Each structure stands twice: as structure tokens, then as C-alpha cells.
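# Reading the structure
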Amino acid sequence: MLLYLPIAEVSVNAFLLFGIGGLVGVLSGMFGVGGGFLITPLLFLIGVPPAVAVATSANQVMASSFSALLGHLRRRNVDMPMGLVLVAGGLVGSAAGVALFNWLKQAGQVDLLVKLCYVVFLGTVGGLMLVESLRAILRARAGVPPTRRRHNWVHNLPLKVKFRVSGLYISVIPPVMVGMLVGVLAAIMGVGGGFIMVPAMIYLLGMPTKVVIGTSLLQILFVTAFTTILHAVTNQTVDLVLALLLILGGVIGAQIGTRIGARMKAEQLRVFLALLVLAVCLQLAVGLVLRPSELYSAEREGAL
Amino acid sequence: MTGALRLVLALLALVPTGARAQAEQIVLGLSANEVAITAVFDGSDILIFGAVKRDGPPLGPAPLEVIITVSGPLTPVTVRRKARVWGLWLNTAAALIDAAPSFYAVATTGPLDQVLTQTEDLRQSITIPRAIRSVGNSVTDSADFTEALIRIRAGQGLYRIMQGEIDFTEETLFRTQISLPANLIEGEYDTRIFLTRNGLVVDRYEAKIDVRKVGIERWLFNLAHQHPPAYAALALALAIAAGWGASAAFQVLRR
């Protein structure tokens, strides 16, 4: 069934969109990533204009992360104080990120920068996570108890606060910084930033994986809501019909994903997420290196 | 004798063209002069038909030909070209094309180079390259960019050449069907019909097809552009309601 999208001004298959939303929703529930880094390229592929794809996927990610967040809240897997600290940093970061994005757009080559950002961050994060989680699995097999909570520089900063759910007593400065960094990257890359935040929370802040996912969803919810508002008000590029279809698939997928995630071991979850991130990174890298079949691309500017 | 003929011809030339003094004129019909884009819009076929009105038998030995063009709204287009830099394929050059139709179809009764001379094409801007306006580009090879745009849009079904696809009976009745693709943009679609003989235009006729969003499509588009904050609020409400709804529904299912 074809549906005409009023803002994107293209006609697309409704079931295809529903399927994309569902797939990304499952991943969102399982890993605590918003899935923006998957959904935006997929929308490009089916012919949605880039500006609409970026803005609308923010809206979709918001819905699926809210659905998944409710699932995690019931399991008490969300560290509220930590989430709010991250959100505070995230909002500042994404406002700065939007300004940086617009400045780069005027300077040209923003397209390249976005893609390089994807390749570098997805590659680094995916690679580190894969190595670490495979090691953890091997250690668990060998019967060595996991060595958690090493003390590093993070624990020597002032403004210490007790994060009870995470079992942490650390300064608020690192979480605020992580939130800000993720906010900046989220605005530039048009994603929620979960794939950067999840590893940052695990490895930098030392939070337990189960809590990380629920808490990162809280941050993603706020950042994507903020991004949706910014895009809708400044560029009018949020397509509600497109969003609705993706959301319907996404919220259902997120519920299924949360259940799958609850049955899997933390290390296994991390291996899968790492492989997924690396796959997307590889696909983008290949696209940058191989000769494209069409060297030219056309983009319609505003109406005369 | 010849003097008298010359006088008659001169007098004929003085008759304003607005009075449609030609011997052969177009009478046109359109199956629709409005296309409504609804939520389930998946393209539309427009039947363009008409007749040639004339006082006597067809003039001249050369056959009469018909050319029909349908053009979507003109917009500027940026065309970018990739090149290899340090092993990566990057956009290195760009050209702004001042005005290109979002959709363009040319239908004819015969091969284009036979039914239309180049000079007449220049004058009337009939073929696809003529319909694209690109002036004052700083890029030296701007023709390559225009060609690329035509290639890309032809690949998307937006630019079409339909040679010999007009039915033309007895040099009087003509009809053709132009299918508009699903990815249309709103606006007035100019429809032009040319009668040619020996490659020269003997009469032309213009009509407009109005392509408009209707219903929910119209409402959403207007809301997004006229009341952005309300639209943003709607987007947030939709996401929250859907997220909560799915979560609640799965809770019920689990019990």
C-alpha cells in the first residue's frame, strides 16, 4: 500500500516503513540505543529527502525510546538522578551542536563531516566494545570473577553525588560532560546518541549494563524531543505521516526488544550491539571509498 | 497579380495572432484539470485529447504533427559532483541550476528530430534540455551538470520522452495519456500542445493542470508551515501517546 507523505512529498510503501520502524524498535528495546543511526540511512535509501529523514527519525526515536523506557521503569532499571544529570548536559550540548551544524553547513562539506563522524565514532565504539565484551565472556567461561569498579580519575573529582540505582558515588562533572558530548554529536549526526552514551556510561562512569540501557533511554527521550521541536519550528521538516508509520512499527518493536534483552546476558547484548555498530560503520566506510555508480547528485532547493 | 497576392499576405500578417487567424487550430480536452493528492495518492493518469479545427482540407503536402509537453513547477536545483580525494569520494564541485521542472514529459506523434526543428525548439523550449534554465554558472562544464540532472530525473521517472506516443487520426483527432508519478510536488503543471508542419510550429495551445494536496495532507502541510509550534506539539504528543499506548497494550497482553 502506497502512502503519500505530505512534508517529504514522496510516495512510499506503508508496510516497508512499518517494517523499518519495527526492526529499529526491537534494537532500541534490546540495547537502549535510539536506532537513529540505522533509521536515517534506511530512509535515505527509500528516497526520503535527507532533511526530512533526519528530523522525522528524531520524532520516531523519541516514541520508541519512550515505549522502551516505560518497560525499563517497571523493571526499576532507570537511574533517575543520573538520567537527569545527563539530560541537563545533553540539552546544552545539542543546542551547541545545532549551532555548529548550521555553521558547518554554510562552510560546505557538512555531508562528509557527518559521514566521517559516523565512521570514526561507530568504528571506535564498536571495536572497543566488541573486544571488551568478548574478553568478559572469555573471563566468565574461565571462571575468573569480574573486576568491576576500578578507581580512575573520574572518582577524584569534586561535587560527589550518590547514585543509588547504579551503586555509584561519583562527581556529577563526568556525567554532565558525557551528556554534553553526546548532545553535540547527536545534533551533528542526527541521532539520539545512545551508541556513544551506552559505552561511555559502562566504561567511563562504571555503571552496570542493565541500568545503563534504561538510563540512556531517558536521556535519548529528552534529546530527541528537543531535536524534534527544533526541526519542526525552524525547518518544517518533520513529516507526521512518515513518523506515525515508523512509530507504530517502532513502539511494538521496542516492547519485543525489551523482552528479548531481559533474557540475554549483559556481555552477549554488548557483543551484538558492537557487531551491529561495526556493520553500519563498515557499510558507510565502503560507501566513502568505492567509486559510486552515479557521481552526480541533485537536490531541489526551495520553491521559486 | 503577384502584387495583389503580396498585399493579401501582408494584410493577413497584420491580423493579430490573438484572433487566432491560423488556418489550423487546436481544440483541447483534458480528462482532468485538477489532480488531488490524497493520503493514498500513488500517481495519476492524465488523458490529453483534442482536435485540429480547420476550414478546408489539410494544408500542404507535409504531414501535420502534434507535440504535447507537461511541465511541473520550476525550482532551482543544486547538482553536486563527487571526485576522489585521498581515497575518499567527496562532493568536490557543485552547480546551481536556476530553474528545472520538477516533472517534465514530452509526447510526440513521431521522432522528435523530424517533428521539430532546432530553431523552433530554441524558440519554444520544448525538449527537456531546453526546458531547464541554467545561466550564469561559474562551473566551466555546466553542461555536464545539466545532463546529470536529466539522467537522474529520467531514472526516477520524472523526465520522460514519449516519441510517437500520441495517437493522431486523419490529421484531426489526437490523444495521449501522460502518467504522473506518485512523487509529485504541488503546483500548476503547464500543459502545452504544439501543431507542427515541416518542423515549424503552426499553432500552440496552453492549459494548466492544478496539482494540490487535499484533506489530511493539506491540513498537515498547512499546520507545519503556518503553526510550527502547534505542529511540534502534535509530533511530541503523537510520540508519547504511541509509546505509552504500546507499552500499556503489551502489559495487558502479558497478563
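Residues numbered from 1 in each chain as written. Chains lettered and ligands numbered in written order. Predicted model: local features only at pLDDT ≥ 70, side-chain atom pairs only at ≥ 80, totals over all residues.

### Looking at the overall build of chain A
Secondary structure assignment for chain A yields 10 helices and five strands. Taken over 304 residues, chain A has a buried fraction of 53%. Considering only intrachain contacts with a sequence separation of at least 6, the fraction spanning at least 24 residues in chain A is 81%. (Helix = DSSP H or I, 4+ residues; strand = E, 2+ residues; numbered from the N terminus. Buried ≥ 20, exposed ≤ 12 C-beta atoms within 10 Å, placed from the backbone. Contact = placed C-beta atoms within 7 Å.)

### Structural notes on the overall build of chain B
Counting its regular elements, chain B contains seven helices and 12 strands. Counting the 255 residues in chain B, one finds 29% classified as buried. Across chain B, the fraction of contacts at a sequence separation of at least 24, relative to all contacts at a separation of at least 6, is 69%.

### Some points on the sheet that holds strand 5 (residues 74-85) of chain B
Strand order in the open sheet formed by three strands is 5(A)-5(B)-6(B), and the pairing between neighbours is antiparallel. Looking at which strands have only one partner, the edges of the open sheet turn out to be strand 5 (296-300) of chain A together with strand 6 (88-101) of chain B. Geometrically, the sheet is characterised by an average inter-axis angle of 25° between neighbouring strands, direction not taken into account. Contacts between helix 5 (residues 142-155) of chain B and the sheet are confined to strand 5 of chain A together with strand 5 and strand 6 of chain B, with strand 6 of chain B contributing the most and set at about 80° to the helix. (Pairing = 2+ DSSP bridges. Axes fitted to C-alpha atoms, helices over the stretch in contact; angles between N-to-C directions.)

### Observations regarding the environment of Glu-170 of chain B
Relative to the assigned elements, Glu-170 of chain B resides in the loop between strand 9 (167-169) and strand 10 (173-180). Distance from Glu-170 of chain B to Val-52 of chain B, taken between C-alpha atoms, is 9.8 Å for residues 118 residues apart in sequence.

### Overview of the nonpolar core
Among the nonpolar cores identified, the biggest contains 150 residues, and Leu-5, Leu-221, Leu-242 and Ile-247 of chain A together with Ala-235 of chain B are the most heavily contacted of them. With 13 residues, the top contributor of residues to this core is helix 8 (residues 209-234) of chain A. Two domains each donate at least three residues to this core, and these are domain 1 (23-73 + 100-213) and domain 2 (214-255) of chain B. If near-sequence neighbours (up to four positions away) are discounted, Ala-235 of chain B is found in contact with Asn-59, Thr-228, Ala-232, Val-238, Leu-240 and Ala-243 of chain A. (Core = buried A, V, L, I, M, F, W, Y, C linked by C-beta atoms within 7 Å. Domains from an automatic or database assignment.)

### Focus: the interface of chain A and chain B
With 49 residues of chain A at the contact, the number on the chain B side is 51 residues. Counting residues per element, the ones that place at least two in the side of chain A that touches chain B are strand 1 (2-4), helix 3 (50-74), helix 5 (110-142), helix 8, helix 9 (240-263), helix 10 (266-289) and strand 5 of chain A. Element by element, the count of residues in the side of chain A that touches chain B is highest for helix 9 of chain A, at 10 residues. Residues of the side of chain A that touches chain B, tallied by class, amount to 33 nonpolar, nine polar and seven charged. (Nonpolar A, V, L, I, M, F, W, Y, C, P; charged D, E, K, R; others polar.)

### Remarks on the environment of Pro-228 of chain B
Within the secondary structure, Pro-228 of chain B sits in helix 7 (residues 228-254). Setting aside residues up to four positions removed in sequence, Pro-228 of chain B forms contacts with Ala-232, Val-233 and Gln-236 of chain A.

### A short note on the domain arrangement of chain B
Buried accessible area, meaning the area lost when the parts come together, often serves as the stated size of an interface. All names here are of chain B. By domain assignment, chain B separates into domain 1 (23-73 + 100-213) and domain 2 (214-255). Taking only C-alpha atoms into account, the centre of domain 1 sits 41 Å from that of domain 2. When residues of the side of domain 1 that touches domain 2 are traced back to their parent elements, those giving at least two are strand 2 (34-37) and strand 12 (200-213). Of the residues assigned to the side of domain 1 that touches domain 2, the class counts are three nonpolar, one polar and two charged.

### Overview of the environment of Glu-217 of chain B
Within the fold, Glu-217 of chain B resides in helix 6 (residues 215-226). Looking at Glu-217 of chain B, the number of C-beta atoms within 10 Å reads 24, which means it is buried. The spatial distance from the C-alpha of Glu-217 of chain B to the C-alpha of Pro-129 of chain B is 33 Å, given a sequence separation of 88 residues. In this view, Glu-217 of chain B contacts Tyr-4 and Pro-6 of chain A together with Ile-37, Thr-38 and Ala-39 of chain B; residues no more than four positions away in its chain are not counted.

### Observations regarding the sheet that holds strand 1 (residues 24-30) of chain B
Residue and element names in this part refer to chain B. Pairing is antiparallel across the open sheet formed by four strands, whose spatial order is 1-3-10-9. Two strands bound the open sheet, and with one partner strand each, they are strand 1 and strand 9. Neighbouring strand axes in the sheet, compared pairwise and without regard to direction, differ in orientation by 20° on average. Direction of pairing for strand 3 (residues 44-54) relative to strand 10: antiparallel, over a ladder of eight bridges. The residue of strand 10 that forms the bridge with Ala-51 is Leu-173.

### Some details on the packing of helix 3 of chain A against helix 8 of chain A
All names here are of chain A. Where helix 3 meets helix 8, the closest approach of the two axes is 8 Å, and the angle between their N-to-C directions is 150°. Relative to helix 8, the element helix 3 lies roughly antiparallel. The two elements helix 3 and helix 8 cross, and the hand of that crossing is left-handed. Two secondary-structure elements touch here, helix 3 through Ala-55, Ala-58, Asn-59, Val-61, Met-62, Ser-65, Phe-66, Ala-68, Leu-69 and His-72 and helix 8 through Ile-213, Gly-214, Leu-217, Leu-218, Ile-220, Leu-221, Thr-224, Ala-225, Thr-227, Thr-228 and His-231. Residues belonging to the contact of helix 3 with helix 8 are distributed by class as follows: 13 nonpolar, eight polar and no charged. (Parallel < 35°, antiparallel > 145°, perpendicular 65-115°, else oblique. Left-handed = near helix turned anticlockwise from the far one by under 90°.)

### Remarks on the confidence of the model for chain B
Caution is warranted with low-pLDDT regions, since their predicted coordinates should not be read in detail. All names here are of chain B. Averaged over every residue, the pLDDT of chain B is 79; the share at 70 or more is 86%. When mean pLDDT is taken per element in chain B, strand 7 (residues 104-108) scores highest with 91 and helix 1 (residues 2-14) scores lowest with 43. Low confidence marks residues 1-21, where pLDDT is under 50. Its contacts with residues over four positions away, or in another chain, come to three contacts. For this predicted complex, the interface confidence score (ipTM) comes to 0.75, while the overall pTM stands at 0.72. (pLDDT = per-residue confidence, 0-100.)

### Concerning the pairing of strand 7 of chain B
All names here are of chain B. When you tally the buried positions in strand 7, you get five out of five residues, the bulk of the element. Pairing geometry for strand 4 (residues 64-71) and strand 7, over five bridges, is antiparallel. In the sheet register, Ile-68 faces strand 7, and the bridge partner there is Ala-107. In terms of strand pairing, strand 7 meets strand 8 (residues 159-162) through four bridges, oriented parallel. Its bridge partner lying in strand 8, Val-106 is registered against Ile-161.

### What about helix 10 of chain A?
Residues lying three or four places apart along an α-helix face the same way, a consequence of the helix completing one turn every 3.6 residues. With 24 residues, helix 10 of chain A extends 35 Å from end C-alpha to end C-alpha; this agrees with the ideal 34 Å at 1.5 Å per step. All buried positions along helix 10 of chain A are accounted for by Leu-269, Arg-270, Leu-273, Ala-274, Leu-276, Val-277, Cys-281 and Leu-284 of chain A. (Expected span 1.5 Å × (residues − 1).)

### Considerations on unusual backbone geometry
Residue and element names in this part refer to chain B. One non-glycine residue with positive phi stands out, namely Glu-170, at about 55°. On the basis of neighbour count, Glu-170 is assigned to the exposed category, with 8 C-beta atoms found within 10 Å. Its identity as a non-glycine residue notwithstanding, Glu-171 has a phi of 55°, on the positive side. Residue position: Glu-171 is located in the loop between strand 9 and strand 10. Exposure remark for Glu-171: the 19 C-beta atoms within 10 Å place this residue in the partly exposed category.

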